[in-house]
Amino acid sequence: MDIHEYQAKEILSKFGVEVPVGALAYSPEQAAYRAREMGGEKWIVKAQVHAGGRGKAGGVKLCDCDSAIQQACEGMFGQKLVTHQTGPAGKGIYRVYVEAAVAIDREIYLGFVLDRSSQRVMIVASAEGGMEIEDISASKPESIVRSTVEPAVGLREFQAREIAFALGIEPALVQQMVRTLQGCYRAFLELDATMVEINPLVVTADKRILALDAKMTFDDNALFRHPQISELRDKSQEDQRESRAADRGLSYVGLDGNIGCIVNGAGLAMATMDTIKLAGGEPANFLDIGGGATPDRVAKAFRLVMSDSNVQAILVNIFAGINRCDWVAEGVVQALRDNPVEVPVIVRLSGTNVKEGQKILAKSGLPIIRATTLMEAAERVVSAWKSDLNQNTSLRAAK
Ligand code: ADP
Ligand code: MG
């Protein structure tokens, strides 16, 4: 789960990371009021969306008066911000953060990630701040400092000092840098984060170390331990299809193709998508309905897949181990009776009680296309989609 910049800053500041003064606003008027309250002469108005690259996309504006703040906000509220991280649809702006503008002496990149190969938290830093880490590693890979933390002892001062020296932090600021690094590490660990990124971390002209941006991602499977973090979830920033699915306990990822997939098991769902591509089609989604695959879940899955208007054919691929094919077949039949779909439906069942399952599908009188192997199922769904497409095109031509 991702959170907003202002939320990450609030969390990190509790762990000793210094941030500029700032306040949240839900309207242009409130933003201007917040700036007056804060005092100062220059402010940065920052669109709060779950994505980086806002600066280049017009989501970060420097303002020097009330009306400039209001104007910057008018251009943000209710708009979609498209950055290189949001995808072409962009993300809606419903909150802005107003922050004191600080005079920057130098910018540093700082990230904490989970490094799977060393099974450690890895600190990634670079003196080339202000750029995305991907760009730094492409253009100045030698500037990147990497350091993994031994979990038994945590991030010790000497290790944090070494990182500070490698970044060329001046001696008077090393202790502050150590506090920042240790604060981020503790926040990462104690809150079950999977990523903490401060880009840029800056040395200000008046010699302070401040986090000007902050991004945190949390492990979904650990959220139950952190109700105060789960509360920060902002559904307006998520793919609507995915958050609806998550609410129903289904694991769904929307894609750009047109063949809807309903599968039990994540591995089988991946294999199904691969096989559809091999057969010349494009999957519209990844969907794992879980091992249970009860009639109710199958019905929910059909509704979810069909809510994507790009879907022009559906492949149901169920492997019944603990489950039973006859039960799943009942579910498919019931779902299609309750909510008839207008696109071809291909069902491949395998495993326990497969014969009984096939019989139920055959007897239902519904236009379900059956398949035995996965390859056959993928070929059939692709050819059903293509012939449906041709038919529809010729129908339109005839009209
Ligand atoms: P993003 O990474 O989404 O583009 P940032 O928060 O990093 O957004 O802001 C982009 C740039 O704007 C920063 O690299 C920094 O140079 C500048 N900036 C951000 N906040 C401030 C601030 N409070 N004072 C001065 N400059 C800022
Ligand atoms: Mg940034």
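The structure this text deals with has already been given above.
So, how was this worked out
- Residues numbered from 1 in each chain as written.
- Chains lettered and ligands numbered in written order.
- Predicted model: local features only at pLDDT ≥ 70, side-chain atom pairs only at ≥ 80, totals over all residues.
- Heavy atoms only, no water.
- Donors = N, O, S within 2.8 Å, 3.2 Å for Na, K, Ca; no water.
- Helix = DSSP H or I, 4+ residues; strand = E, 2+ residues; numbered from the N terminus.
- Buried < 20%, exposed > 50% of the residue type's maximum accessible area, 1.4 Å probe, protein only.
- Axes fitted to C-alpha atoms, helices over the stretch in contact; angles between N-to-C directions.
- Parallel < 35°, antiparallel > 145°, perpendicular 65-115°, else oblique.
- Left-handed = near helix turned anticlockwise from the far one by under 90°.
- Contact = heavy atoms within 4.5 Å.
- Nonpolar A, V, L, I, M, F, W, Y, C, P; charged D, E, K, R; others polar.
- Pairing = 2+ DSSP bridges.
- Polar contact = N/O pair within 3.5 Å; in protein donor to acceptor, adjacent residues only side chain to side chain.
- Core = buried A, V, L, I, M, F, W, Y, C linked by side-chain atoms within 4.5 Å.

### Here we look at the coordination of the magnesium ion (ligand 2)
Ideal geometry at a metal centre gives angles of 109.5 degrees when four donors are arranged tetrahedrally and 90 or 180 degrees when six donors are arranged octahedrally. At the metal site, the magnesium ion (ligand 2) is ligated by Asn199 (O) and Asp213 (OD), and these contacts range over 2.1 to 2.2 Å. Taken together, the residues span a long stretch of sequence, with asparagine 199 in strand 10 (residues 193–204) and aspartate 213 in the loop between strand 11 (209–211) and strand 12 (215–218) at a distance of 14 residues. By relative accessible area, aspartate 213 is classed as buried at 19%.

### Some thoughts on the packing of helix 11 (residues 325–338) against helix 12 (residues 354–363)
The geometry of helix 11 relative to helix 12 is characterised by a closest axis approach of 7 Å and an angle of 20 degrees between their N-to-C directions. It follows from the interaxial angle that helix 11 and helix 12 lie roughly parallel. Remark: the crossing between helix 11 and helix 12 carries right-handed chirality. Side by side, helix 11 and helix 12 meet where Cys325, Asp326, Ala329, Glu330, Val332 and Val333 of the first sit next to Val354, Glu356, Gly357, Ile360 and Leu361 of the second.

### Brief notes about helix 8 (residues 240–247)
The periodicity of an α-helix, 3.6 residues per turn, causes residues three or four places apart in sequence to face the same way. Where helix 8 is concerned, the buried positions are Arg241, Ser243 and Ala245. In the core, the buried residues of helix 8 are packed alongside strand 13 (251–254) and helix 10 (295–306). Just beyond helix 8, the residue with positive phi is glycine 249, at close to 75 degrees.

### Here we look at the environment of alanine 222
If you trace the backbone, alanine 222 turns up in the loop between strand 12 and helix 7 (227–230). Along the primary structure alanine 222 and aspartate 192 are separated by 30 residues, whereas in three dimensions their C-alpha atoms are 6.4 Å apart.

### Considering the packing of helix 2 (residues 28–38) against helix 3 (residues 66–74)
When two helices pack together, their arrangement is given by the angle between the helix axes and the distance between those axes. Following both chains from N to C, one finds helix 2 and helix 3 inclined at 145 degrees, their axes separated by 8 Å at the closest point. Handedness of the helix 2/helix 3 crossing: right-handed. Touching Pro28, Glu29, Ala31, Ala32, Ala35 and Arg36 of helix 2 are Asp66, Ile69, Gln70, Cys73 and Glu74, all from helix 3. Among the residues making up the contact of helix 2 with helix 3, the classes are represented as six nonpolar, one polar and four charged.

### Description of the pairing of strand 8 (residues 120–126)
With six of its seven residues buried, strand 8 lies for the most part within the structure. The turn joining strand 7 (residues 104–115) and strand 8, which pair antiparallel and follow one another in sequence, is formed by four residues; a positive phi near 55 degrees is taken by glutamine 119. For strand 8 and strand 9 (residues 144–149), the ladder comprises six bridges, and the chain directions are antiparallel. Across the sheet, the residue bridging to isoleucine 123 is serine 147, located in strand 9.

### Side note on unusual backbone geometry
Where the residue is not glycine, phi is negative for most of them; where a peptide bond is considered, it is trans in most cases. For the bond from asparagine 199 to proline 200, the omega torsion is 10 degrees, close enough to zero to count as cis. By the secondary structure assignment, proline 200 is in strand 10. Within the chain, glutamine 119 stands out as a residue other than glycine whose phi angle is a positive 55 degrees. Relative to the assigned elements, glutamine 119 resides in the loop between strand 7 and strand 8.

### As for the side chain of aspartate 192
Counting through the fold element by element, aspartate 192 comes out in the loop between helix 6 (171–190) and strand 10. Relative accessible area serves as the criterion here: at 17%, aspartate 192 is assigned to the buried category. In terms of polar contacts, aspartate 192 uses its side chain to reach the side chain of histidine 226, at 2.7 Å. Contact partners of aspartate 192, with chain neighbours within four places excluded, come to Phe218, Asp219, Ala222, Arg225 and His226.

### So, the nonpolar core
Counting residues in hydrophobic clusters, the biggest one holds 43 residues, and the most contacted among them are Leu12, Leu110, Phe112, Ile169, Leu181, Met216 and Phe218. When residues in this core are grouped by element, the largest group, nine residues, is from helix 6. Residues in contact with phenylalanine 112, not counting those within four places in the same chain, are Val121, Met122, Ile123, Leu181, Cys184, Tyr185, Phe188, Thr194, Met195 and Val196. Counting residues in each nonpolar core, the second largest holds 31 residues, with Tyr252, Ala299, Val305 and Val332 among its members.

In short, shape yes, function no, at least from these values alone.
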